[in-house]
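Read off the chains here:
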Amino acid sequence: MAVFEGQNGQDWRQRTRLVDVFVWFCWLIGLSIVVACLSFISDKTIWAFVLSAPQEAGDLGGRMFPPDWAYSNTLWRPLWDTFNIATLGTAIALMISVPVAFCAARNTTPSIVFVRPIALFIIAASRSINSLIWALLLVVIVGPGVFAGVIAIAFRSVGFCGKLLYEAIEEIAVEPVEAVTATGASSGQVLTYGVVPQIMPAFAGISVFRWDINIRESTILGLVGAGGIGLQLSASINNLDWSRVAVILIAILGTVIVSEWLSAKVRAALI
Amino acid sequence: MPSLFLENLTKRYPTGDLALDSVWLEVPEGQVVALIGPSGAGKSTLIRCVNRLVEPTSGRVLLADEEITALRPRRLRRIRRRMGMIFQEYALVERLTVMENVLSGRLGYVGFWSSWFRRFPRDDIATAFSLLERVGLTGMEDKRADALSGGQRQRVGIARALIQDPDLLLVDEPTASLDPKTSRQIMRLITELCSERALTAVVNIHDVPLARMFAQRVVGLQAGKIVYDGLPDGLTPDVLTQIYGEEDWLAADREYAPTGNNLVKSELQDQGRLAGEG
C-alpha cells in the first residue's frame with residue numbers, strides 16, 4: 001500500500017516501486033525453476049516409450065475387450081467385503097476420533113500442556129501413514145483378511161476425522177457455552193448442551209465424507225492381502241487376465257458412483 | 001442487607017488491560033441497577049466477575065453474605081444456579097429447540113444422564129410452559145432457536161434465566177442487537193419480571209435514554225472506575241461528559257425528542273456548525 005505525491009496531488013498504487021521489482025524478481029525465479037525441472041524430467045525420460053504410448057494403450061484396451069462378464073458373479077462377495085471394511089472402519093474411527101478431538105481442541109481439552117500434545121500426536125501419526133501401509137503392517141500383525149483391512153481404514157481415518165472435528169470444535173461460538181456454564185451446569189453438561197449441538201453438522205459432514213473416501217481406499221487394500229476386491233484385482237493383473245481386470249475396474253467404478261450418490265443424499269438430509 | 005456486594009474488585013487481563021480498577025458496589029435486594037459506560041469501560045467484565053465466567057484478579061464478590069470469589073468449583077456451580085444471566089446476542093444454542101433452550105436453565109439441578117436423555121422433572125417442564133406464556137412465546141416450544149426473530153430469541157433467553165429461579169439477574173446489553181421498539185419491550189419485560197419476583201438486577205446498557213426510562217439507579221463506569229452512582233435524573237450533560245467524553249448531550253436529547261421539528265432544527269444547527277468550522 002503506497003501513498004505518494006504525484007503530479008496532481010496524492011496518488012496511490014498497490015505497491016511501492018521497490019516491492020514491485022521484488023515481486024517480478026520472484027516470478028522470474030519461479031519460472032526459471034519450472035523450466036529447469038522440465039528439462040531435467042525430459043532428460044530422464046525415454047521418449048521412444050512415450051511416443052508409442054497410444055499403441056500400447058490401444059493394445060491393452062484390446063485385450064480388456066470384451067470384459068469377462070461371467071466373472072462378475074464371483075465379485076459380489078469381495079465387493080460386499082469392501083463395503084463393510086469401509087463402513088466398519090469409519091465407525092470405529094469415529095468412536096476413537098471424538099474423544100481425541102475433544103482433547104485436541106484448545107477450548108475443550110482437559111489440559112493444554114499435557115493432554116493436547118498427546119491428542120495432536122495421535123492425529124498426526126494416524127494421518128502420516130497411508131492406509132495401504134497400515135494394512136501392510138497389520139497383515140503381518142493380525143494376519144491377512146478383512147479384519148486387518150477394517151483396522152487399517154480405522155487407523156488412517158482417526159487422524160482425518162479427529163483433525164477436522166477438533167477444528168470445528170475450536171470454531172464454535174463461545175456465547176452459548178458461557179450461557180450454559182452460567183446456569184451452574186457441570187462440565188459434562190456444558191459439553192453436551194453448549195458444544196455438541198454446535199458441531200453436529202460438521203460431525204455428520206465429516207463422517208459421510210470420510211466414509212466416501214474409505215470406500216475408494218478399501219478397494220486397494222486387497223493388494224496387500226487385507227481383504228476386499230483388491231485381492232481379485234491383483235490376482236488378475238498378475239495373471240495378465242485383462243478381460244477380468246476390466247470387469248473389476250467397472251465394478252469398482254460402479255461402487256464408487258453409488259457411494260458418492262449415497263453420501264450426497266445423506267449429507268443433504270443431515271445438514 | 002445488600003443482596004450483591006462488590007468489594008475492591010479488580011480485573012487485569014493477561015494482555016495487561018486493566019478492565020476493572022478497585023470497584024466498590026452495593027446493590028440492595030430488589031433493586032434494578034443500570035450500568036452505563038462506553039465500550040471497553042469494563043461493564044461486561046464486571047458482570048462476568050460476579051458469576052466468575054471471568055476470574056477477578058483481586059477483590060471480593062458477595063451474594064447475600066456468601067463469598068462467591070472464595071468458592072471451589074462444585075460450590076461455585078451451586079451458587080451459579082441462583083444467578084440468571086441474559087446476553088447481548090441471546091447466546092441460545094441455535095440448533096436446539098426453544099423448549100430445550102429454556103430447560104437448559106435447569107441443568108444445575110438435574111444429573112448428567114437425565115439431561116442427556118432430556119428427562120427433565122415434571123415441575124420444570126410445567127414451569128417452562130408457564131414462563132414461555134409469560135414472555136409471550138406460547139406455541140413456540142418445538143421451534144428451533146435459529147428460526148426465531150431477535151426479539152423472540154431474547155425472550156427465550158429471559159425464560160432460560162428465570163427458570164433457574166434466581167435471586168439475582170445479570171443482564172449484559174440485552175437490547176444492543178434489537179430495534180428501538182423491541183428494545184423497549186424487552187427492557188419493560190425484564191423490569192416487570194424483576195418487580196414481580198423481587199429480583200435484584202444489574203443491567204449493562206449502552207442506551208442512556210433506555211437506562212433512564214427503566215432503571216431505579218444508574219452506575220456510570222469509565223475506564224474500569226465508577227464515576228457516577230445515583231438516580232437516573234442525575235444524568236446531566238456534565239455527568240454524561242464525565243462518563244462518555246465530550247459531546248453535545250442536549251443536541252442528542254433533542255434528536256430523541258418525538259417531534260420532527262426539533263430533529264430538523266438540530267440537524268440544521270449541526271450543518272451550521274460544520275459550515276462555521278469549514
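All figures in this text were calculated on a predicted structure; none of them were measured in a lab.

**With respect to the environment of L231 of chain A**
Residue and element names in this part refer to chain A.
- Within the fold, L231 resides in helix 10 (residues 230–238).
- The partly exposed category is assigned to L231, whose relative accessible area is 44%.
- Residue contacts for L231: discarding those within four places in its chain leaves G222 and L223.

**Quick word on the side chain of R81 of chain B**
- By the secondary structure assignment, R81 of chain B is in the loop between helix 2 (73–80) and strand 6 (83–86).
- Of the side chains bearing the opposite charge, E66 of chain B lies closest to the buried R81 of chain B, which forms no salt bridge; the N-O distance is 10.0 Å.
- In this view, R81 of chain B contacts T183 and G184 of chain A together with G108, Y109, Q164 and P166 of chain B; residues no more than four positions away in its chain are not counted.

**Structural notes on the packing of aromatic side chains**
- Under the criterion given, the structure shown has nine aromatic pairs over all chains.
- Plain terms: the ring middles of W134 of chain A and F155 of chain A are 5.0 Å apart, the flat faces sit at 75° to each other, and that makes the pair edge-to-face. A residue pair is termed long-range when its members are at least 10 positions apart, and W134 of chain A in helix 6 (residues 131–142) and F155 of chain A in helix 7 (residues 146–170) qualify at 21 residues.
- Exposure remark for W134 of chain A: the relative accessible area of 16% places this residue in the buried category.
- On the numbers, 6.2 Å between centres and 25° between planes, the contact of F112 of chain B with W116 of chain B is stacked.

**Considering the environment of P78 of chain A**
Residues and elements named next belong to chain A.
- Tracing the backbone shows P78 in helix 4 (residues 76–104).
- Sequence spacing of P78 and T90 is twelve residues, and the spatial spacing of their C-alpha atoms is 18 Å.
- Those residues in contact with P78 that lie beyond four places of it in its chain are G228, I229 and Q232.

**A closer look at the nonpolar core**
Residues and elements named next belong to chain B.
- If you look at the biggest cluster of nonpolar residues, it comprises 78 residues, and the most contacted ones within it are I36, V102, I158, L169, I190 and L235.
- Apart from the residues within four sequence positions on either side, I36 is in contact with K43, I205, V208, A211, V218, V219, G220, L221, L235, I243 and Y244.
- Counting 32 residues, the second largest nonpolar core, distinct from the first, contains V23, L76, M83 and L170.

**A look at helix 4 of chain A**
- Given a rise of 1.5 Å per residue, 29 residues ought to cover 42 Å, and the 41 Å separating the end C-alpha atoms of helix 4 of chain A matches this to within 8%.
- Along helix 4 of chain A, the largest kink reaches about 30° and is centred on S97 of chain A; proline P99 of chain A follows within four residues of it.

**Observations regarding the packing of helix 9 (residues 187–218) of chain A against helix 11 (residues 242–270) of chain A**
Residue and element names in this part refer to chain A.
- It is the contact of helix 9 with helix 11, at a shortest axis distance of 10 Å, that shows an interaxial angle of 175°. As summarised for this structure, helix 9 and helix 11 are arranged roughly antiparallel, according to the angle between their axes. Residue-level contacts link A204, G205, V208, F209, W211, D212, I215 and R216 of helix 9 to T255, V256, S259, E260, L262, S263, V266, R267 and L270 of helix 11.
- Of the residues belonging to the contact of helix 9 with helix 11, the class tally is nine nonpolar, four polar and four charged.

**Some details on the packing of helix 3 (residues 53–64) of chain A against helix 11 of chain A**
All names here are of chain A.
- Put simply, helix 3 and helix 11 touch, their axes get as near as 7 Å, and they point 85° apart. Comparing the axis directions of helix 3 and helix 11 gives the class roughly perpendicular. Only W242, S243, V245, A246 and L249 of helix 11 make contact with helix 3, whose side of the interface consists of L60, R63 and M64.
- Here the contact of helix 3 with helix 11 is built from residues that sort into six nonpolar, one polar and one charged.

**A look at the pattern of salt bridges**
- The full count for this structure, using the stated rule, is 26 salt bridges over all chains.
- Of the charged contacts, one joins D59 of chain A and R63 of chain A as a salt bridge, the two residues approaching to 2.6 Å between their closest N and O atoms. Highlighted residues: D59 of chain A and R63 of chain A, both in helix 3, separated by four residues, approximately one helical turn.
- Salt bridges sharing common partners tie together E66, R75, R82 and D167 of chain B.

Cut-off values and rules
- Residues numbered from 1 in each chain as written.
- Chains lettered and ligands numbered in written order.
- Predicted model: local features only at pLDDT ≥ 70, side-chain atom pairs only at ≥ 80, totals over all residues.
- Heavy atoms only, no water.
- Helix = DSSP H or I, 4+ residues; strand = E, 2+ residues; numbered from the N terminus.
- Buried < 20%, exposed > 50% of the residue type's maximum accessible area, 1.4 Å probe, protein only.
- Contact = heavy atoms within 4.5 Å.
- Lys, Arg positive; Asp, Glu negative; His and termini not counted.
- Salt bridge = Lys/Arg side-chain N within 4 Å of Asp/Glu carboxyl O.
- Phe/Tyr/Trp six-rings, centres within 6.5 Å; stacked < 30°, edge-to-face > 60°.
- Core = buried A, V, L, I, M, F, W, Y, C linked by side-chain atoms within 4.5 Å.
- Expected span 1.5 Å × (residues − 1).
- Bend = angle between axes of the 7 residues up to and from the residue.
- Axes fitted to C-alpha atoms, helices over the stretch in contact; angles between N-to-C directions.
- Parallel < 35°, antiparallel > 145°, perpendicular 65-115°, else oblique.
- Nonpolar A, V, L, I, M, F, W, Y, C, P; charged D, E, K, R; others polar.

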